[in-house]
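Report on the structure
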Amino acid sequence: MATPVIMPRQGQSVETCIITQWFKQKGEQVKAGDLLFSYETDKAAFDEEVKITGTLLGIFFEEGDEVPVLTNVCVIGEEGESIDEFRPGSSEVKVETDEEEKDEFDTGIGGEVPDEKIKPVGDLKVSPRARKRAGELGVVLNGLSGSGPKGRVIERDVLTVAEKQPFITPLARKKMEKDHLIYNKERYKKGERVTSKDLVTQTDQISMDVERIPLSRVRKIIAENMYRSLHESAQITHHLGADARKIMELRAKVKKEMEMREVPNITLNDMVCFATVRALKQHSDINAHFRGDHIIRYRSVHLGFAVDTDRGLMVPVLKNAQSYSLPEFAIKMKDLAEKCQTGKIDPDLLSPSMASFTVSNLGAYGVEMFTPVLNLPQVGILGVNTIQSRPVSMGNGVMGFVPFIGLSLTYDHRAIDGAPASLFLQSVKEEIENFRENI
Amino acid sequence: MPKKLFIDPATERKSGLITFKSIPVNQYQKSIEEEKKNYSNNDLIRIYRDMAIIREFEIMLNKIKTTNEYNGISYNHPGPAHLSIGQEASAVGMAYNLSVEDLIFGSHRSHGEILAKGLSAIHHLGEDALKTIMAGYMDGKTLSVVEKHQKGSEKDLAIDYLLYGTLAEIFARETGFNKGLGGSMHAFFPPFGIYPNNAIVGGSGDIAVGAALFKQVNKKPGIVVANIGDASMGCGPVWEGMVFSSMDQFRNLWEDDYKGGLPILFNFMNNQYGMGGQTRGETMGYDMLARVGAGVNPEQMHAERIDGYNPLAVIEAFKRKKKLLEAGKGPVLLDTLTYRYSGHSPSDASSYRSKEELDAWMKEDSLKHYEYQLINAGVVSSDQINQIKNQVIEMITHITRLATDDEISPRMNLARQPEIIGSMMFSNESVTRMEEGEPVVNHKLDENPRVKQIKRKERFGLDKNGKPISKIKTYQLRDGIFEAIIDRFYKDPTLIAYGEENREWGGAFAVYRGLTEALPYHRLFNSPISEGAIVGTAIGYGMCGGRVIPEIMYCDFLGRTGDEVFNQLPKWQAMSGNILKMPVVVRVSVGSKYGAQHSQDWSSLVAHIPGLKVVFPATPYDAKGLMNAALQGTDPVIFFESQRIYDIGEFFHKPGVPEEYYEIPIGEPDIKREGNDITILTIGATLYKAIEAAHVLDEKYNMQAEVIDARSLVPFNYVPVLDSVRKTGKILLVSDASSRGSYLKEMASTITELAFDDLDAPPVVIGSRNWIIPAHELETYFFPQVHWILDAIHHKIIPLKGHVAIEDLSDDTLISTMSKGV
């Protein structure tokens, strides 16, 4: 028999606990005595053990969720048993986390959207059928006037409204009622569908000229990673220019060679990256991961490099980058970039924890200086800027203009201090300025 | 009513006197010595043994009830045990000469009678017959418990079997004679001629008469004994049973082969107390119970008082009375004088009688006295007596051990099989005839005048142009009922029908017109105005295996047969553990025009009682189909008819009511008019008010009502109604029953539960007022009218544009009316 596991009450004053870790996953066999999950109050941490042997049929809360005590947290039973009856009637956390899936047709009964939340406010009387039809037809009950006995909203009132308006999803209706949102009545007609993403505030409605773009998966992940990076680490950026004459000469030579024979197209970016790899070999303190209570320093260089694709920013990793000659290096880089563009990249190679360091090049866009954001847990990222000419003393009182390529190093000050970071940046500069490689 | 019985004023007005014969009182005075020519020593000893077994059985129960222990066996029996210690001679004497075909019915205090009749049956039956009965009864479940432990003869095994089956039943064990569903007050075992005891005092008083009627009508051998207490002489059903059983027509009017008084013996086990009330001297006025026989018929019911303390006196009397009954001279009344030492029940402190009285009766204890006589007459030695006593104790101890062991004698496992009792409430069989054989009829069916008349009628109520056909030319609802009934009379030889004015008159409402011509007296007859006995005898007739249609002329008279309809008819199938069937169709006619005591729809009352099927057809097609189904079944059906619409034609089923046989399954509602906007569910004649209302809704308010005729109340398939409500979102329920407690409220509640989210308004029930029913001229203020329906829709379900309500349906009025109990 399916049996729910509740969040225990640890002391009379405790009203909610936070789940800190799940030791078991949905579908896993569990037996009495196994650790099930850990949780904490504002004062102490606890472990919850499995009390009955069976299958973990479902988990209602995730790590980090705040759960009212005595609420069902998960269900243990035999495979195939329904867990719906144990699902907590109200879970604000759950409702908010998975909007896209929840915003499907939903009768509002026993589902994630608690019934009382679609109940209209105030004293409005609504027949059960009218409420059900409102759900099916996507009609908001607020503000409806009832034509039934005693002003009761009855089915026909809902049908009248539904004749004129688009279908409003249950979540959208809930949000409209809760957050006082509206949809653009000019834009959505009968037969169309208004979801929570189509809702705007009253102010938006006035300015009218807005468009809501739903987040793609990739966008969501990027947003999450970037935010977390800035939120969780201590980032600082140093800027430095490197004399680009050597690499520009080499680039010109590559171009010329390419006209005559089959050689790899080695770009300036390849060269800067190659130079960076060399510098990293000398500075393992930045070729590293910061893991909270310890630091991992890599002997090899696994170089991540930013690739702009139609689906958004991707950062593939070239493993053991130090082991390649420049032409091999360039070919590998090109290959990885293409795989990102075509979507054939091995997802493992996109993980931030695969790379030991990242290079991000915005030079092609004329960017003169920027502060790249770390791909945690990496300790450093090098931003590469456009090439600008700078007046430089050529000796003997002669001033000349020399092309300089801008370098912006962001590093995690938790892991490394300013001086060693600067030394690394200088190494990169030196490698660029003394770039001498066979093509 | 028969015309051939001329009531001559000259005779009736003549001066004269009614004379009575003397009623014998304790006339038997023979000694054992004198009886030796009639009984072998073994017979006399067997009588002693049987009494001793009963005595010990009851002592065991008394010990268990009062001390929770018997011979080292601890047991708590919280249920009833009305003991008959002291009455053993009456029981054994009663049963001594009865054969297996002779049936006994009992009371709440019948353990002794069951055992006595069982022991007598075991003595009379051959070993093979016993073996067959025991192995066949309930698949040998009871036998399997005792046969493991009994190594003696088949008869010894049968005695164990009898004692165990009875005790296991008393202790509510599944291995008991009735699977533990009957218990102490309802244990019985038909194969030995032991028919139901009855926990209602006098309950057997009319049921047993029905069993005798079954024997008479179906020419079965044997007599029927109703063992009832002296106090039951105060009960209506007992008087009604005696009156029914002594009808003159049995001897004067019934056809030759069937002539004769019913073979029924009312054996009043007169222990002189009814609970704590002393019948002689306190609660009755008969002086001696036997006197009552003199008031019932000229034969004075052959009444006698006999000494129930002397087994030989009882045997002698029963021998004589049985002969009378077999000769068609019943009914017989015996006042079998006895005394119970235990109280009404073990919880009774006997505060109503003196110790001196008890001692005086115990001093003359039948068992002790008989033992003394046997020893004195040299029939038996003291040693032999002691040996018998020890054997009996051993036997009862052994049986008690078995019956109190939860492993050996489990109870029904309702946790594992929660539906097991529910599944026994009805037998749900489909049986064309209860017995094989040629039904006795007077002529061929197509020669029947009514049948010929119906042939000329239009079987659909509207002509080609949709105009109603005149009533006289239309096939009416009463014709539908008639067709089904006469058809069954020609199929099932056991079928009989009776009630008030069932014969020449053709029933008060002409349903049976034509039946008199078709049927001999014994299949269709007028009963006394005894509703209790009309239904009670039908119960006895049904449980013996016959099909019967008792008629209650007005629904209002159901109260007169309350015990039979509420306590007896619905219970016996399940209480017997499905040993018995109850193919009894009670026709009940709901009146109108005749005021407060002749116009009530009480369908809700019977629908409340588990174990009855309840139907209320409102169209000729449904009436015929439902009557066919009721008569094909084996369950008790209360068949309501409305006097408002006996003459109504068929307006729904095209092309009309089929001439051939068909059944409408009991429990299926029928959509009489389709619509999408509101559902109206009706019971009975209000169907036609609902149809009228539907027309108004269509014409004035552009609403299409779906009208559903419930047709049945129990069982009831809610699916079509729920489907309709899902479509319309609105439901109004209407019937002629007074609204408070109406069965429609139950239906409304169920619909609300099952279709809550589909409802656009609460289900609204319209019933009659909670008043007395006024005169016909004022009935429109009492019974639901078309405008009530419209007003209720307007007020409570969906406002109708432009409708002006007449009724005050405000909440305040409703609350105020209810607060006044109206």
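These figures come from a predicted structure and were not determined experimentally. (Residues numbered from 1 in each chain as written. Chains lettered and ligands numbered in written order. Predicted model: local features only at pLDDT ≥ 70, side-chain atom pairs only at ≥ 80, totals over all residues.)

Okay, the overall build of chain A next. Counting secondary structure elements, chain A contains twelve helices and 20 strands. Of all intrachain contacts in chain A linking residues separated by at least 6 positions in sequence, the fraction that spans at least 24 positions is 61%. (Helix = DSSP H or I, 4+ residues; strand = E, 2+ residues; numbered from the N terminus. Contact = placed C-beta atoms within 7 Å.)

Here the focus is the overall build of chain B. For chain B, the helix and strand inventory stands at 28 helices and 21 strands. Its C-alpha atoms give chain B a radius of gyration of 30 Å, near enough to 28 Å, the size a compact globule of 822 residues would have. With respect to the three principal axes, the spread of C-alpha positions in chain B is 100 × 70 × 50 Å. (Rg over C-alpha atoms; globule rule 2.2 N^0.38 Å.)

Right, let's get into the interface of chain B and chain A. Residue-level contacts link eleven residues of chain B with ten residues of chain A. Residue composition of the side of chain B that touches chain A, grouped by class: five nonpolar, two polar and four charged. (Nonpolar A, V, L, I, M, F, W, Y, C, P; charged D, E, K, R; others polar.)

Across a sheet, paired strands are connected by hydrogen bonds in the backbone, their directions being either parallel or antiparallel. Residues and elements named next belong to chain B. Taking strand neighbours across the sheet as the criterion, the seven strands line up as E11-E10-E12-E13-E15-E14-E19 in an open arrangement whose pairing is mixed. Only two strands of the sheet have a single neighbouring strand rather than two, namely strand E11 (524-526) and strand E19 (712-714). When strand polarity is set aside, the average angle formed by the axes of neighbouring strands in this sheet is 20°. Relative to strand E15 (residues 637-642), strand E13 (residues 585-590) is paired through six bridges, and the arrangement is parallel. Note on E15: the bridge partner recorded for Val588 is Phe640. In the packing of helix H23 (residues 620-632) onto the sheet, contacts are made with E13, strand E14 (613-615) and E15, and the angle to E15 comes to roughly 160°. (Pairing = 2+ DSSP bridges. Axes fitted to C-alpha atoms, helices over the stretch in contact; angles between N-to-C directions.)

Attention now moves to the domain arrangement of chain A. The domains assigned to chain A are domain 1 (3-88), domain 2 (99-207) and domain 3 (219-433). For domain 2 of chain A and domain 3 of chain A, the distance between their C-alpha centres works out to 52 Å. (Domains from an automatic or database assignment.)

A word on the packing of helix H9 (residues 204-217) of chain B against helix H10 (residues 236-245) of chain B. Residues and elements named next belong to chain B. At a minimum axis separation of 7 Å, H9 and H10 run at an interaxial angle of 25°. In terms of orientation, H9 lies roughly parallel with respect to H10. Counted together, Gly205, Asp206, Val209 and Ala212 of H9 and Pro237, Val238, Glu240, Gly241, Phe244 and Ser245 of H10 form the full contact between these two elements. Across the contact of H9 with H10, the residue classes break down as five nonpolar, three polar and two charged. (Parallel < 35°, antiparallel > 145°, perpendicular 65-115°, else oblique.)

Before going further, it helps to examine the domain arrangement of chain B. All names here are of chain B. The assigned domain composition of chain B is domain 1 (32-412), domain 2 (445-645) and domain 3 (673-819). Placing a centre on the C-alpha atoms of domain 1 and another on those of domain 2 gives a separation of 36 Å. Listed by partner, the interface residues are 31 residues for domain 1 and 28 residues for domain 2. Elements supplying a minimum of two residues to the side of domain 1 that touches domain 2: H9 and H10. Per-element tally for the side of domain 1 that touches domain 2: the top contributor is H9, with nine residues. By residue class, the composition of the side of domain 1 that touches domain 2 is 18 nonpolar, nine polar and four charged.

Further remarks concern the sheet that holds strand E7 (residues 66-68) of chain A. All names here are of chain A. The strand order across the open sheet built from four strands is E5-E4-E2-E7, with neighbouring strands paired in antiparallel fashion. Looking at strand neighbours, the two that pair on one side only are strand E5 (45-49) and E7, the edges of this open sheet. Across the sheet, the axes of successive neighbouring strands diverge by a mean angle of 40°, strand direction being ignored. Pairing geometry for strand E2 (residues 16-22) and strand E4 (residues 35-40), over four bridges, is antiparallel. Within E4, the position partnered with Ile18 by the bridge is Glu40.

Looking along a regular strand, one sees the side chains alternate between the two faces of the sheet. Here E2 of chain A runs beside E7 of chain A; their pairing, made up of three bridges, is antiparallel. Note that in E7 of chain A the partner of Cys17 of chain A across the bridge is Val67 of chain A.

Moving on, we come to the packing of H10 of chain B against helix H19 (residues 531-543) of chain B. Residues and elements named next belong to chain B. Running from amino to carboxyl end, H10 crosses H19 at an angle of 75°, the nearest separation of the two axes being 8 Å. Relative to H19, the element H10 is oriented roughly perpendicular. Listed contacts from H19 to Gly236, Pro237, Glu240, Gly241, Val243 and Phe244 of H10 are Gly532, Ala533, Gly536 and Thr537. Within the contact of H10 with H19, the residues separate by chemical class into four nonpolar, five polar and one charged.

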